[in-house]
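# Geometric and topological summary
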Amino acid sequence: MLLPVCFILTGQKLSLRDLTISGSEQGSIATELKTEEADRFFDNSDETCEPAQTAANADAPQPEETQHNSYGQEQLMLRMIRQGDMVSLKAWIDRAPAIRPGSMAPNQLRQQKNTFVTTATIVSRAAIEGGVPVEEAFQLSDAYIRKAELLPDPDRIMNLQYHMVLDFCDRVRILQGGGHPSPLVLKVHAYILQHLSEPVTTEDIADALFMSRSYVSRCFRKEAGVTLQQYIRDKKIEEAKRLLLYTDKPVTSISVYLGYSSPGHFSRVFRESTGKTPMEYREDRSMRTANE
């Protein structure tokens, strides 16, 4: 909804501005966002935050320096996101020219937040075109926008914007696995994400897609390069890793959430996949983070 409004007001599409990236800030942002996302899966917190107070006389942007150079750069960035090309995207951001989206607000802080909202809108659409499920992309976009609205200064918003763009691109990269996924793989992927807390089976997926079990298994293996059961297991283990790293939930709670029959079964599967028990994985990463 904001894209047409911005286009009408400014006469151009909007994209990223120059980015000043802080390595330590990115590490903090990544941990905060993953912790918040992991906690939401358990639905056990309903936190509300008061927006940070800002000065009423914040520096105003310089509308007279607006340059209409954003469209080509924007399209280049969106293409890399659709392809999940993380290497090229990082290199492009490092050398991207200044992009000034025009004046959209009376002060610099509001200007940066408006730019952030527009960027979240277009990169989430690019990620959807790259294969990320619609609901997943929209929920992630909403979460980033809520966080940006609470930040008190433009530099932190630009850092968050940088992280958001890479996050969407990385999700496409993981999903595509080196190539553009087929419609069947996308449907299976979306079903698994929506039923992570259940014991997902091939029969369940086949019923949901109105296909026979043998047909789904055969076609999925041909198109994804792995068996359907292996793919289901991998997605559950990916989620388990995130929950172990970014929440303090006990292993028992995580195993129940992910639909395993028992904590012992969960630990056995996790060890087969990672070479470590869930607690060893959590402790190893905690020690590494502390040392860093």
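Computed from a prediction, not measured in an experiment: that's the story for all the values here. (Residues numbered from 1 in each chain as written. Predicted model: local features only at pLDDT ≥ 70, side-chain atom pairs only at ≥ 80, totals over all residues. Heavy atoms only, no water.)

## Description of the nonpolar core
Most often, soluble globular proteins keep nonpolar side chains buried together rather than apart. The line we're drawing: Nine residue types can take part in a nonpolar core, namely buried Ala, Val, Leu, Ile, Met, Phe, Trp, Tyr and Cys, and a core is a set of them joined through side-chain atoms within 4.5 Å. Partly exposed residues are those whose accessible area sits between 20% and 50% of the maximum for their type, while under 20% is buried and over 50% is exposed, using a 1.4 Å probe and protein chains only. Numbering goes from the N terminus for both helices and strands, where a helix is a DSSP run of H or I of at least four residues and a strand is a run of E of at least two. Residue contacts are defined here by distance: any two heavy atoms, one from each residue, within 4.5 Å place the two residues in contact.
By size, the foremost hydrophobic cluster in this structure holds 34 residues, and its most contacted members are Met 77, Ile 81, Leu 89 and Val 123. Elements supplying a minimum of two residues to this core: helix H2 (23-40), helix H3 (70-83), helix H4 (86-95), helix H5 (108-129), helix H6 (134-150) and helix H7 (154-176). Apart from residues no more than four positions distant in its own chain, Ile 81 is found in contact with Leu 89, Val 123, Ala 126, Ala 127, Val 165, Cys 169 and Val 172. The next biggest cluster of nonpolar side chains, apart from the first, holds 17 residues, and it includes Leu 184, Tyr 191, Val 200 and Ile 205.

## Re helix H10 (residues 213-224)
Convention followed: What a helix should span is 1.5 Å times the count of its residues minus one. An arc is given here, and it is the one of the directions from the helix axis to the C-beta atoms.
End to end, H10 covers 16 Å across 12 residues, agreeing with the expected 16 Å (1.5 Å per residue, within 8%). The complete set of buried residues in H10 reads Val 216, Cys 219 and Phe 220. Buried residues of H10 fall within an arc of 100° about the axis and therefore sit on the same side. Pointing more than 90 degrees away from the buried face of H10 are the exposed residues Arg 218, Arg 221 and Lys 222. Where H10 is buried, its residues contact helix H8 (183-194), helix H9 (202-208) and helix H11 (228-246). Immediately downstream of H10, the backbone of Gly 225 shows phi near 85°, a positive value.

## Quick look at the confidence of the model for the protein chain
If pLDDT is low for a region, its predicted coordinates should not be looked at in detail. Rule in force here: Across the chain, each position has a pLDDT score giving the predictor's confidence in that residue, from 0 to 100.
Summary statistics for the protein chain give a mean pLDDT of 78 and a share of 74% for residues scoring 70 or more. Across residues 16-20, confidence stays below pLDDT 50; counting only partners more than four residues off in sequence or on other chains, it has 24 contacts. Throughout residues 44-69 the model reports pLDDT below 50, and contacts reaching past four residues in sequence, or to other chains, amount to 35 contacts.

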